[in-house]
Amino acid sequence: MNAVQVLEDLKRRFPNEPEYHQAVEEVLATIEEEYNKHPEFEKANLIERLCVPERIYTFRVTWTDDKGNVHTNMGYRVQHNNAIGPYKGGLRFHASVNVGILKFLAFEQVFKNALTTLPMGGAKGGSDFSPRGKSAAEVMRFCQAFMLELHRNIGADCDVPAGDIGVGGREVGYMFGAYKKYTREFTGVLTGKGLEFGGSLIRPEATGYGNVYFLMEMLKTRGLDLKGKSVLISGSGNVAQYTAEKVLKLGGKVLTLSDSDGFVYDPDGIDREKLDYVMELKNVYRGRIREYVEQYPSAQYYEGQKPWGIKADIALPSATQNELNGEHAQMLVANGCIAVSEGANMPSTPEAVRVFHDAKILYAPGKAANAGGVSVSGLEMSQNSGRLSWSAEEVDRRLHEIMENIHGACVKYGTDPDGYVNYVKGANIAGFMKVAKAMMAQGVI
Ligand code: NDP
Ligand code: 2IT
């Protein structure tokens, strides 16, 4: 089957999975030219095999809340492709989780992981359980119940989950404890662990830092840097927080942060002290971003809105998929935005991406720009296998080098005849070629 037929066929067979269709469509549209140079790929039905996940586990999770009420949630693990290494990718706990969203995330993860230069296949999992409003004891019981099923299907050399939305150090810790208890094995089966039990320094920071390193590489191609640049960030979770930290360190001014209820705009800039407040608000008290304006009254809170209408030089979407649409993109461009680099997975809609490309601004898709998180997860796996731990400087140096390499791969495969770098095309072709070659070498399996 050719690319168009594969997409039509996937839409027919899996009709209610729009995010999965969206992710597949983007990749197929950008790799077509390269794919057509390799008739052996079509003979091996490579595209279809690359788009359909190798395995999906679906299970029920039952847990008891603090009042003694019993709840059921759904749990999933999508093992998409392990051609270049063990399955690897995060777990998302959020009310919106369904199999289509996890299939899009697992598919994207395959290309992202290939770009990191480390040997990792692609997977994603999670549950429609939302930790929001739950006590720590409830979250612990949920994590244990989730792992009671999942532990049979993962392993340090088979499939290594990590965090994503709603899954941070706390949840990874509870799941690691449960895995260890059920299996009687202390192995590197999860990444993003606490430093005391096999976690890597810089893993919490890695996605945000990595995105800013990638942004710096893009700016460099136009002789620019971050000093004095105003920056819009969405989200206020793990990725947003460490993105803001690195932007501040490199001389940028952070104007916004958000959560699913709305965004805050601080015209004076969210400086180090204010960011410390946000980190405590979100990570310790698990509060809402609207509370920021009670602490800093010169800032404004916009209920139910996205930050993309605020005038700024740079936008770093770091919350969730499809949070930046065509209209938002037009506002950004009209306001003079020069660069968009995605901390989140697929935050820009296809219409938004078209606006960025038409305006020829610097635009990096998540699978390239946010690969720093999974890269340091890969480094955590290496440290666990070697039973050693590297210094923060060592991990950060490797992270920086990986982000530079990913940027280089995008430039190599994505430079248009007029010199404009299409980072979407570059990332997709570079990731695809690596996985495709591995799949061809391993036969029809
Ligand atoms: P967190 O759970 O730490 O934070 C998520 C943030 O996004 C919160 O501020 C949350 O607000 C907001 N958010 C979540 N869902 C929505 C929604 N439907 N609409 C608007 N805002 C929403 O997750 P992360 O920071 O880890 O993840 C953020 C993004 O980065 C995701 O797209 C994830 O896939 C991606 N990513 C994460 C990596 C990692 O290492 N953690 C690595 C690579 C990518 P609220 O509190 O209201 O829910
Ligand atoms: O989307 C992602 O790359 C992640 N959530 C991190 C995955 C990982 O295995 O560290």
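As shown above, the structure is provided for reference.
Let me sum up the structure you'll find in this document. (Residues numbered from 1 in each chain as written. Chains lettered and ligands numbered in written order. Predicted model: local features only at pLDDT ≥ 70, side-chain atom pairs only at ≥ 80, totals over all residues. Heavy atoms only, no water.)

Digging into the environment of Glu196
Argument step 1. Relative to the helices and strands, Glu196 is located in the loop between helix 7 (169-183) and helix 8 (203-220).
Argument step 2. Distance from Glu196 to Asn45, taken between C-alpha atoms, is 46 Å for residues 151 residues apart in sequence. (Helix = DSSP H or I, 4+ residues; strand = E, 2+ residues; numbered from the N terminus.)

Digging into helix 7
Argument step 1. Across its 15 residues, helix 7 extends 21 Å between first and last C-alpha, which sits within 8% of the 21 Å expected from 1.5 Å per residue.
Argument step 2. Where helix 7 is concerned, the buried positions are Glu171, Val172, Met175, Phe176, Ala178 and Tyr179. Viewed along the axis of helix 7, the buried residues span an arc of 165°, placing them on a single side of the element. Along helix 7, exposed side chains directed more than 90 degrees from the buried face belong to Gly169 and Lys181.
Argument step 3. Looking at the buried side of helix 7, the elements it contacts are strand 3 (87-93), helix 6 (136-150) and strand 5 (159-162). (Expected span 1.5 Å × (residues − 1). Buried < 20%, exposed > 50% of the residue type's maximum accessible area, 1.4 Å probe, protein only. Arc of directions from axis to C-beta. Contact = heavy atoms within 4.5 Å.)

A few points about the site of ligand 1
Argument step 1. As a matter of local geometry, ligand 1 sits amid 26 residues, with Asp164, Thr207, Ser260, Arg288 and Asn345 nearest to it.
Argument step 2. Interatomic distance of 3.3 Å between a backbone N/O atom of Ala319 and an oxygen atom of ligand 1.
Argument step 3. One nitrogen or oxygen atom from the side chain of Asn345 is found 2.8 Å from an oxygen atom belonging to ligand 1.
Argument step 4. Notes on ligand 1: free accessible area 880 Å², of which the protein chains cover 84%.
Argument step 5. Listing elements by their share of the shell around ligand 1, those giving two or more residues are helix 8, helix 9 (238-249) and strand 7 (253-259). (Near = heavy atom within 4 Å. Polar contact = N/O pair within 3.5 Å; in protein donor to acceptor, adjacent residues only side chain to side chain. Areas by Shrake-Rupley, 256 points an atom, 1.4 Å probe, with all protein chains shown as cover.)

Description of the packing of helix 1 (residues 3-13) against helix 2 (residues 18-36)
Relative orientation and spacing of two packed helices are given, respectively, by the angle between their axes and the distance between those axes.
Argument step 1. Interhelical geometry of helix 1 versus helix 2 gives an angle of 180° and a closest axis separation of 10 Å. In this view, helix 1 runs roughly antiparallel relative to helix 2, as classed from their interaxial angle. Contacts between helix 1 and helix 2 involve Ala3, Val6, Leu7, Leu10 and Lys11 from the first element and Tyr20, His21, Val24, Glu25 and Leu28 from the second.
Argument step 2. A breakdown of the residues in the contact of helix 1 with helix 2 according to their chemical character gives seven nonpolar, one polar and two charged. (Axes fitted to C-alpha atoms, helices over the stretch in contact; angles between N-to-C directions. Parallel < 35°, antiparallel > 145°, perpendicular 65-115°, else oblique. Nonpolar A, V, L, I, M, F, W, Y, C, P; charged D, E, K, R; others polar.)

Thoughts on the site of ligand 2
Argument step 1. Taken together, 14 residues form the shell around ligand 2, and within it Lys88, Lys112, Lys124, Asp164 and Ser377 come nearest.
Argument step 2. Contact distances for ligand 2 include 3.0 Å between an oxygen atom and a side-chain N or O atom of Gln109.
Argument step 3. The separation between an oxygen atom of ligand 2 and a polar side-chain atom of Lys124 is 2.9 Å.
Argument step 4. For ligand 2, the protein covers 94% of the area, taking 300 Å² as the surface of the free molecule.
Argument step 5. Put simply, the parts of the chain that give the shell around ligand 2 at least two residues each are strand 3, helix 5 (99-115) and helix 15 (372-386).
Argument step 6. Partitioning the shell around ligand 2 into residue classes produces two nonpolar, seven polar and five charged.

Some words on the layout of surface pockets
Argument step 1. As a volume, the second largest pocket reaches approximately 530 Å³.
Argument step 2. Surrounding the second largest pocket, 25 residues form its lining, Gly188, Met381, Gln383, Asn384 and Ser385 being those nearest its centre.
Argument step 3. Residues of the lining of the second largest pocket, tallied by class, amount to 11 nonpolar, 11 polar and three charged. (1 Å grid on protein atoms, 1.4 Å probe; cavity = no way out; pocket = protein on both sides within 12 Å on 5 of 7 lines; lining within 4 Å. Points joined across faces, edges and corners; volume = space filled by probe spheres on them.)

Worth remembering: the numbers are spatial, not functional.
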